[in-house]
Amino acid sequence: MSVATESIETFASLNPATGEVVAEHPVQDDAAVAAAVERAREAAGWWGALGWKERRLRLLNIKGSLTRNLNRMAQLIHEETGKPLQDAQLETILAITHLDWAARNASKVLGPRNVYPGIMAINQKCVLEYQPLGVVGVIGPWNYPVVTPMGSIAYALAAGNAVVFKPSEFTPGAGVYLAELVAAVVPEHPVLQTVTGFGATGAALASSPGVDKLAFTGSTRTAKRVMAACAENLTPIIAECGGKDACIVDSGADLDAAADAALWGAMANAGQTCIAVERIYVVDDAYDAFLGKLTDKARDLRPGFDREAAYGPITMPGQLDIIERHIQDALSRGATAVVGGAESVRRPYVEPVVLADVPDDSSAVREETFGPTVTVHRVKDLDEAVEKANESSYGLAGTIYSGDKSRAMDAARRMRSGMTSINAFAATSQIPALPFGGVGESGFGRIHGPDGLREFARPKAISRQRFSAMNLTSFTRTDKDMNRVLGLITMFHARRYKR
Ligand code: NDP
């Protein structure tokens, strides 16, 4: 069984573009979540003992099944979020690449390896390995209902854990379908269960003493509540939260490419992306030309639910008020709406909005907007661009467009974020081998890549004494032993190092 069905109360997931009911799902209460966690405990024991080779095979077959059902999954995402079908397909493709990478690399990253013990312990054979934690709880958002939780689910499963997944109430269907696909390939035990419901269902998962680690993706506000609930059981968490990412455009950058990428970064998925471009800092001599190109391109975009629409509706109705407030606040403080304006909010859609001359202390610059709006700022040079980009409590990702490789690398290093992509938007997040995560209010912990695998495992150190040598930690140790070790230490470590 992959989906717990103890509860009889149900809720409807709606198509945010049409208001039509996509499907009904059970509201799972504390008891249902506890039962799922208990089943996961047993599944984890079995799955963890299955071994790297068999788990790899099963995960690759889950990947194959998701690939064969890509269009069905994408259609579900399209209906539940309202995003264009091609965007939903792209999201599913990215989820497939994560499953593939995690399956193929888990044993290499986490499997046993010999460790050199050092000259002082040369008689020891040392093995380091990473063991599964047991049961991992995953709480996901609605904006990327498959690829975002997959960043935790695939890596947690590959590390040998069982997963209980609570999708957002706006996108439960994609999570339920994912669990069904997994159950078909792994019928023996429910290694992935999806529990559906509202915030209370997520809260039950976070406060469950049976969960060994909680991977949360969502708003910073909810992350703090989840962390407080997890503190009761000392359950460690990963918090993948919001952002206010910046795009920097240096003088000498390819402005057509920069405008194209910044526009996609700001407007794709109606701006409902944790790593969306929300602020653009353009070096003075490139500013006018860049803004002209961005403006021309933005005017061509149209939201809708049809095949030609650039992006869909705002998925969560409450977000429309925030977007409207940010636009109005910026305009009332003297900003210029270069494209669109307050009238661009046409529920459930928001047309593209490009704002210039926005004061740094306005909510459109400070808070996560999560809409198809972007602020563009003139800065004197690259240093000021980095300084302004870093003036944020968030620090998730960022983009730099520059024609100078070493200037761009230096600026990327100085950008206060977990990820920076140069001359492309969000390339780091599309590469499964690279870690994904932020700093500050954007959260902590990493999904994806070797770091993402290690998040769902605990290091286990084992040493085996091969022959007896000096025994310094014994009451029988002699002055001779001690003098020998003092001699060795002096020989290896006492010298002065020169530059
Ligand atoms: P929310 O914080 O509102 O919800 C996230 C998840 O938490 C949902 O499944 C929600 O369930 C659940 N939840 C709500 N209340 C609780 C609670 N008290 N205890 C446990 N779980 C709870 O975020 P959104 O769904 O609105 O997602 C958008 C946010 O996610 C944005 O800030 C965005 O930037 C961020 N995000 C971050 C990403 C990253 O990787 N860093 C990627 C994608 C999004 P329900 O929906 O049923 O209320």
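Cut-offs and rules
- Residues numbered from 1 in each chain as written.
- Predicted model: local features only at pLDDT ≥ 70, side-chain atom pairs only at ≥ 80, totals over all residues.
- Heavy atoms only, no water.
- UniProt positions renumbered as here; feature names shortened; annotations may be inferred.
- Near = heavy atom within 4 Å.
- Polar contact = N/O pair within 3.5 Å; in protein donor to acceptor, adjacent residues only side chain to side chain.
- Areas by Shrake-Rupley, 256 points an atom, 1.4 Å probe, with all protein chains shown as cover.
- 1 Å grid on protein atoms, 1.4 Å probe; cavity = no way out; pocket = protein on both sides within 12 Å on 5 of 7 lines; lining within 4 Å.
- Sits in = over half its atoms within 2 Å of the grid points.
- Helix = DSSP H or I, 4+ residues; strand = E, 2+ residues; numbered from the N terminus.
- Domains from an automatic or database assignment.
- Patch = residues over 30% accessible without salt bridge, like charges linked within 9 Å, V, L, I, M, F, W, Y side chains within 5 Å.
- Salt bridge = Lys/Arg side-chain N within 4 Å of Asp/Glu carboxyl O.
- Buried < 20%, exposed > 50% of the residue type's maximum accessible area, 1.4 Å probe, protein only.

- Going by what an unreviewed UniProt entry lists, the protein chain is known as Aldehyde dehydrogenase and is assigned to Actinomadura meridiana.
- Listed under Sequence similarities (unreviewed entry) in UniProt, the entry text for the protein chain is "Belongs to the aldehyde dehydrogenase family."

**Digging into the site of the ligand**
No. 1: Taken together, the neighbourhood of the ligand is formed by 31 residues, with Gly 140, Glu 169, Ser 219, Thr 222 and Glu 368 sitting nearest.
No. 2: Between the ligand and Ser 168 there is a distance of 3.0 Å, counted from an oxygen atom to a side-chain nitrogen or oxygen.
No. 3: Between Ala 203 and the ligand, the recorded distance is 3.4 Å, taken from a backbone N or O atom to a nitrogen atom.
No. 4: Considered on its own, the ligand offers 900 Å² of accessible surface; in the complex 91% of this is hidden by protein.
No. 5: Here the ligand is seated within the largest pocket.
No. 6: Taken together, the elements giving at least two residues each to the shell around the ligand come down to helix 7 (199-206), strand 8 (213-217) and helix 8 (220-231).
No. 7: For the shell around the ligand, the domains that each give at least three residues are domain 1 (10-241 + 448-458) and domain 2 (245-431).

**Some thoughts on a nonpolar patch on the surface**
No. 1: Together, Tyr 116, Ile 119, Met 120, Ile 122, Phe 467, Ile 489, Met 491 and Phe 492 give the surface a local cluster of nonpolar side chains, amounting to about 790 Å² of exposed area.
No. 2: Relative to the assigned elements, Ile 119 resides in the loop between strand 3 (113-115) and strand 4 (124-132).
No. 3: With relative accessibility at 45%, the residue Ile 119 sits in the partly exposed group.

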